[in-house]
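Per-entry structural report
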Amino acid sequence: MTHKPQIKIPATYMRGGTSKGVFFNLTDLPEVAQVPGEARDKLLLRVIGSPDPYGKQTDGMGGATSSTSKTVILSKSESPDHDVDYLFGQVSIDKPFVDWSGNCGNLTAAVGAFAINNGLVDPAQLPENGTATVRIWQKNIEKTIIARIPITNGEVQETGDFELDGVTFPAAEVQVEFMDPADGEGAMFPTGNVVDDLDVPGVGTLKATMINAGIPTIFINADAIGYDGTELQDAINNDDKALTLFETIRAHGAVKMGLISDVAEAANRQHTPKVAFVAPPKGYVASSGKDIAADDIDVLVRALSMGKLHHAMMGTAAVAIATASAIPGTLVNLAAGGGDRTSVVFGHPSGTLRVGAEAEQVNGQWSAKKAIMSRSARILMEGWVRIPGDAF
């Protein structure tokens with residue numbers, strides 16, 4: 001039997017925020033994978049090492065967590081007034097599919113640097129020293145994101161002293177602005193309410209804030225499901241009953257939000273919506289051993305991604321947190337003390353994060369102008385990734 005040799009594809013392995021993934025320039029992909037479809041998905045699955053029944057992604061670039069099973073495809077933007085088109089693929093670890101239904105806010109922090117380094121941004125708009133503004137068109141959700149990238153001596157500055165809880169080492173700060181972050185064409189609150197009664201069979205009726213901002217997210221109160229909001233990963237991810245509970249909530253919330261028509265469809269839409277639980281401030285010890293005092297934060301938030309409690313916070317979920325906190329009456333806003341606010345510091349398993357948002361009510365409907373956060377990013381490795389030639 002003759003096997004096709006491996007092929008090599010130019011790629012860059014980057015950390016963005018608390019995630020990392022494999023970045024590609026669209027034109028570097030094999031021609032058959034330059035368009036959406038089965039070939040592209042198979043290629044990305046093989047690059048990451050999925051599907052892997054062992055759950056380790058040993059034979060690929062993935063890191064066996066939702067935060068490290070990610071791919072990005074970038075190209076010169078076809079959208080007016082934008083520099084780069086950003087397409088994100090969340091690769092399932094143990095199943096043969098790539099979820100294209102949402103954005104990755106963490107990896108967004110790395111998009112600007114990749115775009116500059118790969119000639120996707122007009123050199124004329126880059127300062128010799130200062131900050132470069134990169135306008136990103138996020139193709140998954142068709143939204144504008146603005147990344148402000150530090151430049152030193154004509155090159156992207158990656159090193160610095162900005163610290164991000166959930167990331168071990170400091171780096172240069174990258175400010176990311178998510179413009180008009182409501183996800184998709186529907187209303188920010190698809191039910192029309194800032195709080196709903198969500199009926200979940202086997203669980204009961206839960207108060208829920210279901211919001212489309214950054215990424216569709218379902219917020220519930222921690223105490224309604226037996227938690228206090230200070231939980232770390234082991235408290236959730238080692239508990240099969242808890243994971244089933246959250247997936248059941250997520251599936252029924254997805255139906256209520258109009259994202260799917262039947263709960264059975266949730267299995268093939270793992271990336272969205274997210275489910276998170278919130279609580280008022282309380283002191284706890286983060287996963288790094290850092291003491292987080294109640295006075296350090298405005299609200300506690302824990303969120304699940306791809307069926308597991310996230311080790312920190314997804315960037316897109318942070319946008320949802322920022323937006324919901326700015327709107328009086330949401331569960332996030334109430335847990336943070338209620339009232340009007342333009343920023344919030346929330347506690348997550350790895351520490352804290354400050355996020356801001358501007359929201360307004362027009363004709364009885366809430367909308368968000370933008371959400372802002374700071375992240376960091378850097379290149380971990382660049383060159384070629386290799387996969388068997390018959391993988392796609």
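See above for the structure.
Quick look at the structure, then. Predicted model only: the values in this text are computed from it and were never measured. (Residues numbered from 1 in each chain as written. Predicted model: local features only at pLDDT ≥ 70, side-chain atom pairs only at ≥ 80, totals over all residues. Heavy atoms only, no water.)

The next thing to look at is helix α5 (residues 315-325). Burial of α5 is extensive: 11 of the 11 residues sit out of reach of the surface. Within the span of α5, buried status applies to Gly315, Thr316, Ala317, Ala318, Val319, Ala320, Ile321, Ala322, Thr323, Ala324 and Ser325. (Buried < 20%, exposed > 50% of the residue type's maximum accessible area, 1.4 Å probe, protein only. Helix = DSSP H or I, 4+ residues; strand = E, 2+ residues; numbered from the N terminus.)

Let's shift gears to the pairing of strand β12 (residues 215-221). Along any regular strand, the residues point their side chains to alternate faces of the sheet. Most of β12 is tucked away, with 6 of its 7 residues classed as buried. Direction of pairing for strand β11 (residues 204-213) relative to β12: antiparallel, over a ladder of 6 bridges. When the bridges of β12 are listed, Thr209 appears paired with Phe219. Here 5 bridges tie β12 to strand β13 (residues 274-279), and the two strands are oriented parallel to one another. Counted as the bridge partner of Ile218 is Val275 from β13. (Pairing = 2+ DSSP bridges.)

Further remarks concern the packing of aromatic side chains. The way to describe two aromatic rings as a pair is by their centre distance and the angle between their planes. Tallying each qualifying case throughout the model produces 4 aromatic pairs. Centroid distance Tyr227 to Phe246: 6.0 Å. Interplanar angle 20°. Geometry classified as stacked. Of this pair, Tyr227 sits in the loop between β12 and α3 (233-237) while Phe246 sits in helix α4 (residues 240-256), and the two are 19 residues apart along the sequence. The two residues Tyr227 and Phe246 agree in class, both being buried. The ring of Trp384 is capped by Lys8, whose NZ or CZ atom sits 4.3 Å from the centre of that ring. Across the ring face of Tyr284, the terminal group of Arg302 is positioned such that the distance to the ring centre comes to 4.7 Å. (Phe/Tyr/Trp six-rings, centres within 6.5 Å; stacked < 30°, edge-to-face > 60°. Lys NZ or Arg CZ within 6 Å of the ring centre and 35° of its normal.)

As a further point, take the layout of surface pockets. The space that makes up the largest pocket amounts to roughly 600 Å³. Lining the largest pocket we find 27 residues, and of these Ile93, Ser305, Met306, Gly307 and Lys308 sit closest to its centre. Elements that contribute at least two residues to the lining of the largest pocket include exactly β4 (84-91), α3, α4 and β17 (308-309). In terms of residues, the lining of the largest pocket owes the most to one element, α4, which gives 5 residues. A breakdown of the residues in the lining of the largest pocket according to their chemical character gives 6 nonpolar, 15 polar and 6 charged. Together, 19 residues line the second largest pocket, and Arg15, Gly17, Gly166, Val167 and Thr168 are the ones closest to its centre. (1 Å grid on protein atoms, 1.4 Å probe; cavity = no way out; pocket = protein on both sides within 12 Å on 5 of 7 lines; lining within 4 Å. Points joined across faces, edges and corners; volume = space filled by probe spheres on them. Nonpolar A, V, L, I, M, F, W, Y, C, P; charged D, E, K, R; others polar.)

This paragraph deals with the environment of Gln138. Considering the arrangement of structural elements, one finds Gln138 in strand β6 (residues 130-138). Relative accessible area serves as the criterion here: at 0%, Gln138 is assigned to the buried category. When the C-alpha positions of Gln138 and Tyr227 are compared, they lie 35 Å apart, and in sequence the two are 89 residues distant. Those residues in contact with Gln138 that lie beyond four places of it in its chain are Tyr86, Phe88, Asn103, Lys143 and Ile145. There is a polar contact of 3.1 Å between the side chain of Gln138 and the backbone nitrogen of Ile141. (Contact = heavy atoms within 4.5 Å. Polar contact = N/O pair within 3.5 Å; in protein donor to acceptor, adjacent residues only side chain to side chain.)

On to α4. With 17 residues, α4 extends 24 Å between its outermost C-alpha atoms, agreeing within 8% with the 24 Å of an ideal straight helix rising 1.5 Å per residue. Among all positions of α4, only Ala242, Leu243, Leu245, Phe246, Ile249, Arg250, Ala251, Gly253 and Ala254 are buried. Among the residues of α4, the N-terminal cap falls to Asp239, whose side-chain oxygen and the backbone nitrogen of Lys241 are separated by 3.0 Å. After α4 finishes, the residue Gly258 shows a positive phi value of roughly 80°. (Expected span 1.5 Å × (residues − 1).)

Structurally, Gly160 can be placed in the loop between β8 (155-156) and β9 (174-179). Counting along the chain gives 10 residues from Gly160 to Pro170, while the straight-line C-alpha distance between them is 6.2 Å. If sequence neighbours within four positions are ignored, Gly160 has contacts with Pro170, Ala171 and Ala172.

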